[in-house]
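Take a look at the letters that make up each chain.
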Amino acid sequence: MNSVSVFAPASVANVAVGFDILGFALDKPGDEIVARFSDKPGIRITRITGDGGKLSMDPLKNTASFSAYKLLEHLGENEWGIEMEIHKKMPFGSGLGSSAASAVGGVMAVNELLGGRLSKREILHFAVLGEQLADGAYHADNVAPSLFGGIVLIRSNRDLDVHNIPVPNGLYASVLYPEVEVLTREARAILKKEVSLSATIEQCGNLAGFMVGLYNSDFGLLSRSLHDVIIEPQRAQLIPHFYATKAAALNAGALGCSISGAGPSIFALSSSQAVAENVGIAMEKIYIEEKINCQLFVSPINQQGAIRL
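Residues numbered from 1 in each chain as written. Predicted model: local features only at pLDDT ≥ 70, side-chain atom pairs only at ≥ 80, totals over all residues. Heavy atoms only, no water.

## Thoughts on the side chain of Glu131
Stage number 1. Along the chain, Glu131 falls in helix H3 (residues 120-135).
Stage number 2. Arg188 provides the closest opposite charge to the buried, unpaired Glu131, separated from it by 8.2 Å. (Helix = DSSP H or I, 4+ residues; strand = E, 2+ residues; numbered from the N terminus. Buried < 20%, exposed > 50% of the residue type's maximum accessible area, 1.4 Å probe, protein only. Lys, Arg positive; Asp, Glu negative; His and termini not counted. Salt bridge = Lys/Arg side-chain N within 4 Å of Asp/Glu carboxyl O.)

This is how it looks when you write it as structure tokens:
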């Protein structure tokens, strides 16, 4: 086996009620990473496509190669010569976990190239290190769903205590990426450091209700619970026409609608593919009318996560 290709999917983090502790994977878009053995020791990036020249070819400054480097360091196998190709097939700065997908694809491709010596659970830490290189934070709300698939709860980012939550049959996501810039550091900087007791109680109730709704396949409870009273009100100002888009999604039958990650992407959950497609069309219409370029993705919850191609 001289070459391995891995696809790592995009993900939606926070999921309205789970800031930094919830995420789910999409079928598309995503990144493809190719790793192959080389006669020259160390990791080298030989090709990057789809990035518009934005990504570094330095293996210690790229999330895909850095996560793989940390894996090799852990295994004591830094003498291996490995070449890596990175094919970006998702937008940058979209709130869809672009850097996380690259980190996941990189570490998984090299792990598979070496014969799959570690499990997905065991390579999670190295993928998170790759994501940390991009945004400075050690958190798994994009990395874990991209790696494992499904809807993931991160009880503790510090300990990587992560758990897959049951996904009700028929649950679909409509995700709209309006091509406007929202910087993650700006989206973090505007957040208040303190939260009122009443908002904390309401958000905890919504998070708990969302969990119960998933376990019981109770779409009514999911709909009543998908309300972010803490983060969304602070970040909505960064996304033009957010509330109009949210209203359009809910009017089209969505269970709930909120910001994907730090934005600008907006996600909605629906109880069927047909509803999700109508919701997506309604969301897309807002930006088309405002003459803002956008991309729409309609997907079931991806249950596989990163896969070897």
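## A word on the pairing of strand S5 (residues 151-156)
Stage number 1. Counting buried residues along S5, 5 of its 6 residues qualify, which places the element largely inside the surrounding structure.
Stage number 2. Two strands pair when backbone bridges link them, and strand S2 (residues 22-37) and S5 are joined in this way by 3 bridges, in the antiparallel orientation. By the bridge assignment, Leu22 is partnered in S5 with Leu153.
Stage number 3. The sheet contact formed by S5 and strand S6 (residues 161-165) spans 5 bridges and is antiparallel. What sits directly across from Val152, in S6, is Asn164.
Stage number 4. Taken together, S5 and the strand that follows it, S6, pair antiparallel across an intervening segment of 4 residues, in which Leu160 is found at a positive phi of about 50°. (Pairing = 2+ DSSP bridges.)

## Overview of the sheet that holds strand S9 (residues 266-270)
Stage number 1. The sheet built from 4 strands is open, its strands ordered S8-S9-S7-S10 with antiparallel pairing. For this open sheet the edge positions go to strand S8 (256-259) and strand S10 (294-300), each flanked by a neighbour on one side alone. Here the average twist between neighbouring strands, direction ignored, is 15°.
Stage number 2. Contacts from helix H9 (residues 242-251) reach S8 and S9, with the element oriented near 155° to S8.
Stage number 3. The strands that helix H10 (residues 273-289) touches are strand S7 (172-178), S9 and S10; relative to S7, the one it contacts most, it runs at about 15°. (Axes fitted to C-alpha atoms, helices over the stretch in contact; angles between N-to-C directions. Contact = heavy atoms within 4.5 Å.)

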